[in-house]
Amino acid sequence: MADGSNKPLPGVLRWTIGDLTVTALNDGWFQGSLDLVTGIPKEEAGALQRAGFRPEAPVVTLNAFLITGAGRKPVLIDSGYGHFGPETMGRVPAALALAGVSPDEIETVLLTHLHPDHAGGLIKQDGSAAYGNAELVVHADEAAHWLPDEALSRAPDEAKPYFENARKAVAPYGSRLRKHEGGELVPGITAVPLPGHTPGHCGMRIVSGDKSLFMWTDVVHMPAIQFKQPEAGVAFDVDGEQARAIRKRVLDEVATEKSLIAGSHLEFPALGHVARDGGGYSFVPVLWVGGES
């Protein structure tokens, strides 16, 4: 792990899902703290970090995902932190270039939610749209929570920057913002509402033929802690109890169904399976062989 003094190089890995190619785009990482963990004692969280061979102060990875193939124009799931984040982040544009895709080629950006690490990369440093030809797609409950004037005015002072950044990120797209309530957003990609972390937080199920991948977004932020102890939440959860219930349900479902999953905050390249492990779970990364699964 880098010491934080150097900006990371972009990371890109591809998997084939039927006729589609899913490319994991690493945006970088940010330094977390055990103070972010809720629902379990800090001492337990630190012990889980150490047992998982991670530093006691969690390092939180961030990924976005590119979907190509089947004669479609590229679809981007989330945009990374952009210039809102620390210098160790903001690598999605470089990762896209490494994948051979120009921002102007992106036809659709599917936003899982409007936290700045997922939506900040929608805009350039000057506030203009980073994806000049793209439609933005976001859950209606997410838009209603973050974007109206009245939402900003009633937000606590410490939370106002989150509301302001969400509004800045979306603003240059104007009428190119489409709101949904779940279901198929583009052919082969279905939004799965997972409220709690934010009101309109969604996962994305990618299906082609008999192959599928469930990108669960922010169900898990700190893998060494939350797989073993699903009671653990994060301070960023808007509704901690609802987020905890969603995490328990999703972990149970994907372990039972042996689903291929991906996560925004799973260590790169962020694809794998969930196995039951005692009273909790373990993450089993997929074997990477030439980028196909």
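Being a predicted model, the structure only gives us computed values, none of them experimental.

## Here we look at the overall build of the chain
Looking only at helices and strands, one finds 8 helices and 16 strands in the chain. Since a compact globule built from 293 residues should have a radius of gyration of about 19 Å, the 18 Å found for the chain is in line with a globular shape. When burial is assessed residue by residue, the chain has 53% of its 293 residues classed as buried. Here the analysis covers contacts within the chain between residues at least 6 apart in sequence; of these, 69% occur between residues at least 24 apart. For the chain, the accessible surface area stands at approximately 12300 Å², while carbon and sulfur atoms represent 52% of it. Positive and negative side-chain charges in the chain, numbering 25 and 36 respectively, have mean positions lying 2 Å apart.

## Description of the side chain of Asp78
Among the secondary structure elements, Asp78 is positioned in the loop between β5 (72-77) and α2 (92-98). Within polar-contact distance, the side chain of Asp78 engages the side chain of Thr112 at 2.7 Å.

## Points about the sheet that holds strand β9 (residues 183-186)
Ordered by their spatial adjacency, 7 strands build an open sheet running β9-β10-β11-β12-β14-β15-β16, and the pairing between neighbours is mixed. Sheet topology places β9 and β16 (280-285) at the edges, where each strand pairs with a single neighbour. Where β9 and strand β10 (residues 189-193) come together, 3 bridges link them in antiparallel fashion. The residue of β10 that forms the bridge with Gly183 is Ala191. The sheet strands contacting helix α8 (residues 240-257) are β10, β12 (211-215), β14 (261-262), β15 (271-277) and β16, and the helix crosses β15 at an angle near 100 degrees.

## Quick word on the pattern of salt bridges
Using the criterion set out here, one finds 11 salt bridges in the structure. Here Arg276 makes a salt bridge to Asp252, at a shortest N to O gap of 3.1 Å. Taken together, the positions of Arg276 in strand β15 and Asp252 in helix α8 put the pair 24 residues apart, joining distant regions of the chain. A relative accessible area of 46% places Arg276 in the partly exposed class.

## Some words on helix α6 (residues 160-170)
Three or four residues apart is the spacing at which side chains of an α-helix point the same way, because the helix has 3.6 residues per turn. Among the residues making up α6, those that are buried are Lys160, Phe163, Asn165, Ala166, Ala169 and Val170. Residues of α6 that are buried make contact with α3 (116-119), β7 (135-139), α4 (140-146), α5 (149-154) and β8 (177-180).

## Remarks on helix α1 (residues 42-51)
Considered for burial, the residues of α1 that qualify are Ala45, Gly46, Leu48 and Gln49. What you see down the axis of α1 is that its buried residues fit within an arc of 160 degrees, all on one side. Pointing more than 90 degrees away from the buried face of α1 are the exposed residues Glu43 and Ala51. Tucked inside the fold, the buried residues of α1 contact β3 (37-38) and α7 (223-226). Taken from the residues just after α1, Phe53 is the one with a positive phi, measuring 60 degrees.

## Here we look at the UniProt feature "domain: Metallo-beta-lactamase" (unreviewed entry) in the chain
Mapped onto this structure's residue numbering, the UniProt feature "domain: Metallo-beta-lactamase" (unreviewed entry) falls at residues 61-265. Secondary structure over residues 61-265 splits into 28% helix and 25% strand, and the C-alpha atoms at its two ends are 5 Å apart.

## Looking at the sheet that holds strand β4 (residues 59-69)
Sheet architecture is open: 7 strands sit in the order β1-β2-β4-β5-β6-β7-β8, paired in mixed fashion. Both edges of this open sheet fall to β1 (11-17) and β8, since each of them pairs with a single strand only. In this sheet, neighbouring strand axes are inclined to one another by 25 degrees on average, regardless of whether the strands run parallel or antiparallel. Across 3 bridges, the pairing between β5 and strand β6 (residues 108-110) is parallel. Across the sheet, Ile77 pairs through a bridge with Leu110, a residue of β6.

Quick notes on the rules
Residues numbered from 1 in each chain as written. Predicted model: local features only at pLDDT ≥ 70, side-chain atom pairs only at ≥ 80, totals over all residues. Heavy atoms only, no water. Helix = DSSP H or I, 4+ residues; strand = E, 2+ residues; numbered from the N terminus. Rg over C-alpha atoms; globule rule 2.2 N^0.38 Å. Buried < 20%, exposed > 50% of the residue type's maximum accessible area, 1.4 Å probe, protein only. Contact = heavy atoms within 4.5 Å. Areas by Shrake-Rupley, 256 points an atom, 1.4 Å probe, with all protein chains shown as cover. Lys, Arg positive; Asp, Glu negative; His and termini not counted. Charge placed at Lys NZ, Arg CZ, Asp CG, Glu CD. Polar contact = N/O pair within 3.5 Å; in protein donor to acceptor, adjacent residues only side chain to side chain. Pairing = 2+ DSSP bridges. Axes fitted to C-alpha atoms, helices over the stretch in contact; angles between N-to-C directions. Salt bridge = Lys/Arg side-chain N within 4 Å of Asp/Glu carboxyl O. Arc of directions from axis to C-beta. UniProt positions renumbered as here; feature names shortened; annotations may be inferred.

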